[in-house]
Amino acid sequence: MLILLPPSEGKAGQGDGPPLDLGRLSSPALNATRELLVDRLVELCADEEAAMKALKLPASGRHYAQAGRALRTAPTLAAWELYNGVLYDRLGLGDLPDGEQVFIASPLWGLLRPSDRVPPYRMPMSTRFPGLEPLAKLWRPVVAEVLGARDELIVDLRSSTYAQVWSPKDRGVSVRVFKEDPDGKRSVVTHMAKATRGEVAHALLAGGARPESAADLGDFLSAQGWKVELTEPAARSKPWLLDIVIA
């Protein structure tokens with residue numbers, strides 16, 4: 001089993017480790033693209049006002065433009081410490097034993113293991129750099145090189161923004177979360193969906209789960225008390241859908 005997570009918009013403010021060393025990150029096949037994007041982000045953030053606009057930063061996020069300028073020299077921290085917000089709060093990666101079952105999707109780094117050390121940054125998937133393809137398209141072939149040969153079940157907890165980079169096809173299970181009202185009407189509540197995805201990942205990792213199929217995953221989550229509905233893919237190019245329904 002491999003769990004794919006989204007990054008979080010919120011991040012820790014400062015690291016305490018050595019500066020960025022791309023050679024020490026996992027998945028070295030991604031390093032050429034990482035190098036290119038680090039260079040472009042540092043260059044962009046040399047003009048703070050341009051960076052504020054390109055990175056869609058509010059006035060309170062000016063420190064991210066400053067962090068972008070210092071990307072190569074700033075202290076780093078492990079990815080599990082860097083990302084915060086409701087999903088990561090519920091997940092509690094630092095308390096779990098096996099980060100080797102997890103990849104965190106990132107517009108800047110492609111994929112990170114929880115132990116990979118990077119500096120704080122801000123670069124949404126929608127960021128555009130002159131002369132470069134959109135980030136999802138830029139990452140697609142190299143992320144496919146890393147993940148495409150894997151044959152285990154992939155539990156996909158990414159949002160659609162990050163899922164556009166790479167699809168596990170029918171080896172994957174895309175987990176969706178819906179709130180159901182007393183009349184049976186369903187809706188997506190973003191905060192609740194993030195919290196539930198974090199709880200699902202925590203349950204799988206803390207419980208030592210090793211589901212080998214979508215049905216195994218559904219059975220495990222049902223046994224944990226969730227109401228789940230599993231839908232087969234319409235084609236081999238599509239993932240299974242596992243809906244968690246919360247009252």
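Residues numbered from 1 in each chain as written. Predicted model: local features only at pLDDT ≥ 70, side-chain atom pairs only at ≥ 80, totals over all residues. Heavy atoms only, no water.

### Some remarks on the overall build of the protein chain
Turning to step 1, where the next piece is worked out: Of regular secondary structure, the protein chain possesses nine helices and ten strands.
Turning to step 2, where the next piece is worked out: Relative to the globule expectation of 18 Å for 247 residues, the C-alpha radius of gyration of the protein chain, 18 Å, shows essentially globular dimensions.
Turning to step 3, where the next piece is worked out: Overall size of the protein chain, expressed as C-alpha extent along the three principal axes, is 50 × 40 × 35 Å.
Turning to step 4, where the next piece is worked out: Here the protein chain, with 247 residues, has 50% of them falling under the buried criterion.
Turning to step 5, where the next piece is worked out: Restricting the contact set of the protein chain to residue pairs at least 6 apart, pairs at least 24 apart contribute 68%. (Helix = DSSP H or I, 4+ residues; strand = E, 2+ residues; numbered from the N terminus. Rg over C-alpha atoms; globule rule 2.2 N^0.38 Å. Buried < 20%, exposed > 50% of the residue type's maximum accessible area, 1.4 Å probe, protein only. Contact = heavy atoms within 4.5 Å.)

### A closer look at the packing of aromatic side chains
Turning to step 1, where the next piece is worked out: Evaluation of the coordinates by the stated rule reveals two aromatic pairs.
Turning to step 2, where the next piece is worked out: Ring plane angle 85° and centroid distance 5.9 Å describe the contact between Trp109 and Tyr121, whose orientation is recorded as edge-to-face. Note that Trp109 is positioned in the loop between strand 3 (102-106) and strand 4 (110-112) and Tyr121 in the loop between strand 5 (117-118) and helix 6 (135-147), a separation of twelve residues in sequence. Across the pair, Tyr121 and Trp109 agree in class, each one buried.
Turning to step 3, where the next piece is worked out: We note Lys11 situated over the ring of Tyr121; from NZ or CZ to the ring centre the distance is 4.8 Å.
Turning to step 4, where the next piece is worked out: Here Arg113 stacks its cationic end above the ring of Phe103, 3.9 Å away from the centre of that ring. (Phe/Tyr/Trp six-rings, centres within 6.5 Å; stacked < 30°, edge-to-face > 60°. Lys NZ or Arg CZ within 6 Å of the ring centre and 35° of its normal.)

### Brief notes about the pattern of salt bridges
Note that side chains of opposite charge can pair when their charged atoms are close.
Turning to step 1, where the next piece is worked out: Evaluation of the coordinates by the stated rule reveals 17 salt bridges.
Turning to step 2, where the next piece is worked out: With its nearest N and O atoms 2.7 Å apart, the salt bridge here joins Arg150 to Glu152.
Turning to step 3, where the next piece is worked out: Its relative accessible area of 24% is what places Arg150 among the partly exposed residues.
Turning to step 4, where the next piece is worked out: With its nearest N and O atoms 2.7 Å apart, the salt bridge here joins Arg176 to Asp243. Placement of Arg176 in strand 7 (residues 172-180) and of Asp243 in strand 10 (residues 240-246) is noted, with a sequence separation of 67 residues between them.
Turning to step 5, where the next piece is worked out: Judged by its relative accessible area of 31%, Arg176 is partly exposed.
Turning to step 6, where the next piece is worked out: A residue is classified by how much of its surface remains accessible, and Asp243, at 7% relative accessible area, is buried.
Turning to step 7, where the next piece is worked out: Because the salt bridges share partners, they merge into one network encompassing Glu48, Glu49, Arg62 and Arg69. (Salt bridge = Lys/Arg side-chain N within 4 Å of Asp/Glu carboxyl O.)

### Regarding the environment of Gly208
Turning to step 1, where the next piece is worked out: Inspection of the secondary structure assignment puts Gly208 in the loop between helix 8 (190-206) and helix 9 (214-223).
Turning to step 2, where the next piece is worked out: Gly208 gets classed as partly exposed once you look at its relative accessible area, which sits at 43%.
Turning to step 3, where the next piece is worked out: Spatially, the C-alpha atom of Gly208 lies 9.9 Å from that of Leu96, the residues being 112 residues apart in sequence.

### Considering the packing of helix 1 (residues 31-45) against helix 3 (residues 62-69)
Turning to step 1, where the next piece is worked out: For the pair helix 1 and helix 3, the least separation of the axes is 7 Å and the interaxial angle reads 125°. Classified by the interaxial angle, the pair formed by helix 1 and helix 3 is oblique. At the point where helix 1 passes helix 3, the crossing takes the left-handed sense. In this structure, helix 1 contributes Leu41, Val42 and Cys45 to the contact, and helix 3 contributes Ala65, Gly68 and Arg69.
Turning to step 2, where the next piece is worked out: Across the contact of helix 1 with helix 3, the residue classes break down as four nonpolar, one polar and one charged. (Axes fitted to C-alpha atoms, helices over the stretch in contact; angles between N-to-C directions. Parallel < 35°, antiparallel > 145°, perpendicular 65-115°, else oblique. Left-handed = near helix turned anticlockwise from the far one by under 90°. Nonpolar A, V, L, I, M, F, W, Y, C, P; charged D, E, K, R; others polar.)

Everything listed here is a matter of geometry and, on its own, says nothing about what the molecule does.
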